[in-house]
Amino acid sequence: MTDQLCPCGSGKPLNSCCGLYLSGKTYPTTAERVMRSRYTAFAMGNIQYLHKTWHPDTCPDLQAEDIETQWTRLEVVKSKAGLKRSVVEFKAWYTENNQEHLIHEVSLFKLYKRRWVYVEALPSWP
Ligand SMILES: [Zn+2]
(Lines give C-alpha, C1' and ligand atoms only; values in the text may rest on other atoms or scores of the structure.)
Protein backbone atom coordinates (compact mmCIF):
# COMPACT_ATOMS: atom_id res chain seq x y z
CA MET A 1 0.00 0.00 0.00
CA THR A 2 2.83 2.39 0.86
CA ASP A 3 4.42 2.22 -2.57
CA GLN A 4 1.15 2.47 -4.47
CA LEU A 5 1.62 5.02 -7.25
CA CYS A 6 -0.68 8.00 -7.21
CA PRO A 7 -3.59 7.62 -9.65
CA CYS A 8 -3.03 11.22 -10.88
CA GLY A 9 -0.08 10.07 -12.96
CA SER A 10 2.59 12.10 -11.20
CA GLY A 11 4.79 9.02 -10.90
CA LYS A 12 5.04 9.63 -7.15
CA PRO A 13 3.77 7.37 -4.38
CA LEU A 14 0.19 8.13 -3.38
CA ASN A 15 1.27 8.94 0.18
CA SER A 16 3.59 11.73 -0.92
CA CYS A 17 1.27 13.05 -3.64
CA CYS A 18 -2.53 13.41 -3.61
CA GLY A 19 -2.75 11.20 -0.51
CA LEU A 20 -1.51 14.18 1.51
CA TYR A 21 -4.53 16.18 0.38
CA LEU A 22 -7.13 13.42 0.50
CA SER A 23 -6.16 12.60 4.06
CA GLY A 24 -6.66 16.23 5.06
CA LYS A 25 -3.04 16.69 6.18
CA THR A 26 -2.70 19.69 3.92
CA TYR A 27 -4.59 21.54 1.18
CA PRO A 28 -3.18 21.93 -2.33
CA THR A 29 -1.82 25.40 -3.05
CA THR A 30 -2.48 25.50 -6.79
CA ALA A 31 -5.57 24.85 -8.90
CA GLU A 32 -3.69 22.24 -10.92
CA ARG A 33 -2.92 20.29 -7.78
CA VAL A 34 -6.54 20.55 -6.71
CA MET A 35 -7.54 19.21 -10.12
CA ARG A 36 -5.09 16.30 -9.90
CA SER A 37 -6.17 15.43 -6.38
CA ARG A 38 -9.84 15.59 -7.41
CA TYR A 39 -9.11 13.09 -10.17
CA THR A 40 -7.51 10.86 -7.54
CA ALA A 41 -10.56 11.34 -5.30
CA PHE A 42 -12.83 10.32 -8.18
CA ALA A 43 -10.63 7.29 -8.88
CA MET A 44 -10.65 6.27 -5.21
CA GLY A 45 -14.30 7.11 -4.50
CA ASN A 46 -13.57 9.82 -1.94
CA ILE A 47 -16.81 11.85 -1.98
CA GLN A 48 -15.89 13.83 1.10
CA TYR A 49 -12.83 15.26 -0.63
CA LEU A 50 -14.80 16.06 -3.79
CA HIS A 51 -17.29 18.08 -1.75
CA LYS A 52 -14.45 19.83 0.06
CA THR A 53 -12.85 20.94 -3.21
CA TRP A 54 -16.09 21.96 -4.97
CA HIS A 55 -17.41 25.53 -4.89
CA PRO A 56 -20.57 25.52 -2.72
CA ASP A 57 -22.54 27.28 -5.49
CA THR A 58 -22.02 24.42 -7.95
CA CYS A 59 -21.37 21.40 -5.74
CA PRO A 60 -23.85 18.57 -6.38
CA ASP A 61 -25.03 16.17 -3.72
CA LEU A 62 -22.82 13.32 -4.87
CA GLN A 63 -23.66 9.76 -3.92
CA ALA A 64 -21.40 6.73 -4.08
CA GLU A 65 -23.12 5.42 -7.22
CA ASP A 66 -22.37 8.72 -9.01
CA ILE A 67 -18.65 8.07 -9.00
CA GLU A 68 -18.38 4.39 -9.84
CA THR A 69 -16.55 5.16 -13.09
CA GLN A 70 -13.34 3.18 -13.64
CA TRP A 71 -10.80 5.95 -14.21
CA THR A 72 -7.59 4.80 -15.84
CA ARG A 73 -5.42 7.81 -16.67
CA LEU A 74 -5.12 11.56 -16.34
CA GLU A 75 -3.24 14.04 -18.48
CA VAL A 76 -3.09 17.72 -17.61
CA VAL A 77 -2.89 19.51 -20.98
CA LYS A 78 -2.24 22.99 -19.67
CA SER A 79 -3.11 25.29 -16.85
CA LYS A 80 -3.20 29.01 -16.29
CA ALA A 81 -2.97 30.35 -12.78
CA GLY A 82 -4.52 33.67 -11.84
CA LEU A 83 -4.93 35.57 -8.62
CA LYS A 84 -8.56 34.58 -8.07
CA ARG A 85 -9.38 32.39 -11.06
CA SER A 86 -7.39 29.57 -12.56
CA VAL A 87 -8.08 27.34 -15.52
CA VAL A 88 -6.92 23.76 -16.03
CA GLU A 89 -7.39 21.77 -19.22
CA PHE A 90 -7.18 18.02 -18.84
CA LYS A 91 -7.97 14.71 -20.43
CA ALA A 92 -9.14 11.79 -18.34
CA TRP A 93 -9.67 8.26 -19.57
CA TYR A 94 -12.03 5.68 -18.19
CA THR A 95 -13.27 2.27 -19.15
CA GLU A 96 -16.86 1.27 -19.55
CA ASN A 97 -18.08 -2.02 -21.00
CA ASN A 98 -14.46 -2.91 -21.81
CA GLN A 99 -14.05 0.18 -23.95
CA GLU A 100 -11.86 3.17 -23.28
CA HIS A 101 -13.48 6.59 -23.25
CA LEU A 102 -12.07 10.08 -22.90
CA ILE A 103 -13.27 13.19 -21.14
CA HIS A 104 -11.64 16.40 -22.31
CA GLU A 105 -12.49 19.35 -20.10
CA VAL A 106 -11.46 22.92 -19.42
CA SER A 107 -12.15 23.49 -15.73
CA LEU A 108 -12.59 26.75 -13.91
CA PHE A 109 -11.25 27.09 -10.38
CA LYS A 110 -11.79 30.01 -8.04
CA LEU A 111 -10.25 31.05 -4.79
CA TYR A 112 -12.85 30.53 -2.07
CA LYS A 113 -11.99 31.13 1.56
CA ARG A 114 -8.33 31.18 0.49
CA ARG A 115 -8.55 27.75 -1.08
CA TRP A 116 -8.74 26.78 -4.72
CA VAL A 117 -12.03 25.04 -5.47
CA TYR A 118 -13.56 23.63 -8.63
CA VAL A 119 -16.39 25.73 -10.05
CA GLU A 120 -17.45 24.36 -13.42
CA ALA A 121 -16.45 23.22 -16.89
CA LEU A 122 -15.94 26.00 -19.42
CA PRO A 123 -17.08 25.68 -23.05
CA SER A 124 -13.56 26.44 -24.27
CA TRP A 125 -10.17 27.73 -23.23
CA PRO A 126 -10.78 31.35 -22.13
ZN1 LIG B 1 -1.29 12.62 -7.20
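Since the structure is predicted, the reported quantities are computational estimates derived from the model, not experimental observations.

Structural notes on the overall build of the chain
Then comes step 1: On a plain count of helices and strands, the chain comes out with three helices and four strands.
Then comes step 2: Along the chain, from the amino end to the carboxyl end, the secondary structure elements read α-α-α-β-β-β-β.
Then comes step 3: For the chain, the C-alpha radius of gyration of 14 Å lies close to 14 Å, the compact-globule estimate for 126 residues.
Then comes step 4: Across the 126 residues of the chain, 37% fall into the buried class.
Then comes step 5: For the chain, the accessible surface area stands at approximately 7,700 Å², while carbon and sulfur atoms represent 47% of it.
Then comes step 6: Considering the chain, the positive charge centre built from 16 side chains and the negative charge centre built from 13 side chains are found 13 Å apart.

Considerations on the packing of aromatic side chains
Then comes step 1: Under the counting rule described, the total for this entry stands at five aromatic pairs.
Then comes step 2: Note on tryptophan 54 and tyrosine 118: the rings are 5.4 Å apart at their centroids and 80 degrees apart in plane angle, and the pair reads as edge-to-face. Highlighted residues: tryptophan 54 in the loop between α3 (47-52) and β1 (70-80) and tyrosine 118 in strand β4 (residues 115-122), separated in sequence by 64 residues. Each member of the pair, tryptophan 54 as well as tyrosine 118, carries the same accessibility label: buried.
Then comes step 3: Members of the aromatic cluster, joined through ring pairs, are Tyr39, Phe42, Trp71 and Tyr94.
Then comes step 4: Of note, arginine 38 hangs over the ring of tryptophan 54, and the distance from its end group to the ring centre comes to 4.4 Å.

What to know about the coordination of the zinc ion
Then comes step 1: Around the zinc ion, the donor atoms from the protein are Cys6 (SG), Cys8 (SG), Cys17 (SG) and Cys18 (SG), and they sit 2.3 to 2.4 Å away.
Then comes step 2: Coordination geometry of the zinc ion: the four donor atoms subtend angles of 103 to 115 degrees at the metal centre, consistent with an arrangement described as tetrahedral.
Then comes step 3: Each donor residue of the zinc ion lies on the same chain, and together they follow the pattern C-x1-C-x8-C-C. Highlighted residues: cysteine 8 in the segment before α1 (18-22) and cysteine 18 in helix α1, separated in sequence by ten residues.
Then comes step 4: What makes cysteine 8 buried here is its relative accessible area of 0%.
Then comes step 5: What makes cysteine 18 buried here is its relative accessible area of 1%.

Looking at helix α2 (residues 31-44)
Then comes step 1: The end-to-end C-alpha separation of α2 is 20 Å, in line with the 20 Å expected for 14 residues at 1.5 Å each.
Then comes step 2: Turning to α2, its buried residues are Ala31, Val34, Met35, Ser37, Arg38, Tyr39, Thr40 and Ala41.
Then comes step 3: Its buried side turned inward, α2 meets α1, α3, β1, β2 (85-96), β3 (99-112) and β4.
Then comes step 4: Following α2 by one or two positions, glycine 45 adopts a phi angle in the positive range, close to 70 degrees.

Some points on the nonpolar core
It is characteristic of soluble globular proteins that their nonpolar side chains tend to be buried jointly.
Then comes step 1: In terms of nonpolar packing, the biggest core is built from 28 residues, with Met35, Leu74 and Phe109 touching the most fellow members.
Then comes step 2: Put simply, the parts of the chain that give this core at least two residues each are α1, α2, α3, β1, β2 and β4.
Then comes step 3: Counting residues per element, this core draws most heavily on α2, at five residues.
Then comes step 4: For phenylalanine 109, the contacting residues outside a window of four places in its chain are Ala31, Val34, Met35, Arg38, Lys84, Arg85, Ser86, Val88, Trp116, Val117, Tyr118 and Val119.
Then comes step 5: Within the second largest apolar cluster, five residues are counted, among which are Val87, Val106, Leu108 and Leu122.

Some remarks on the UniProt feature "domain: YchJ-like middle NTF2-like" (unreviewed entry) in the chain
Then comes step 1: Following the UniProt record, the feature "domain: YchJ-like middle NTF2-like" (unreviewed entry) maps to residues 30-120 here.
Then comes step 2: Helix makes up 22% of residues 30-120 and strand 47%, with an end-to-end C-alpha separation of 16 Å.

What counts and what doesn't
Here the residue index of a chain counts from 1 through its sequence in written order. In keeping with the predicted nature of the model, local features appear solely for residues at pLDDT of at least 70, side-chain atom pairs appear and are counted solely at 80 or more, and the whole-chain, interface and lining totals rest on all residues. Think of the side-chain values as coming from all heavy atoms in the structure, minus any hydrogens and water. Helix and strand labels come from DSSP, where a helix needs a run of H or I of at least four residues and a strand needs a run of E of at least two; each type is numbered from the N terminus. Atoms counted for the radius of gyration: C-alpha only. Globule rule: 2.2 Å times the number of residues to the power 0.38. Per-residue accessibility, obtained with a 1.4 Å probe over protein chains only, is compared with the maximum for each type, and a residue is labelled buried under 20%, exposed over 50%, and partly exposed between these values. Throughout, the Shrake-Rupley method with a 1.4 Å probe supplies accessible areas, and for residues the shown protein chains are the sole cover considered. Counting rule applied: Lys, Arg positive; Asp, Glu negative; His and chain ends not counted. Here the site of a charge means NZ on Lys, CZ on Arg, CG on Asp, or CD on Glu. Each pair of aromatic rings taken from Phe, Tyr and Trp, with Trp reduced to its six-membered ring, is defined by centres within 6.5 Å and is described as stacked if the planes are under 30 degrees apart, edge-to-face if over 60, and tilted in the remaining cases. The criterion for a charge sitting over a ring is simple: Lys NZ or Arg CZ within 6 Å of the ring centre, and within 35 degrees of the ring normal. The donor set covers N, O and S atoms within 2.8 Å of the metal, switching to 3.2 Å for Na, K and Ca, and it leaves out water, so a site may look short of donors. Donor angles set the geometry label: tetrahedral for four donors if every angle is between 85 and 135 degrees, square planar for four and octahedral for six if opposite donors exceed 155 degrees and the others are between 65 and 115, irregular for anything else. Expected span of a helix, by definition, is 1.5 Å for each gap between consecutive residues, and there is one gap fewer than residues. The criterion used for residue contact is that any of the two residues' heavy atoms lie within 4.5 Å. Definition used in this section: a nonpolar core is a set of buried Ala, Val, Leu, Ile, Met, Phe, Trp, Tyr and Cys residues joined via side-chain atoms within 4.5 Å. UniProt positions are given in the numbering used here, feature names are shortened, and annotations may be inferred rather than shown by experiment.

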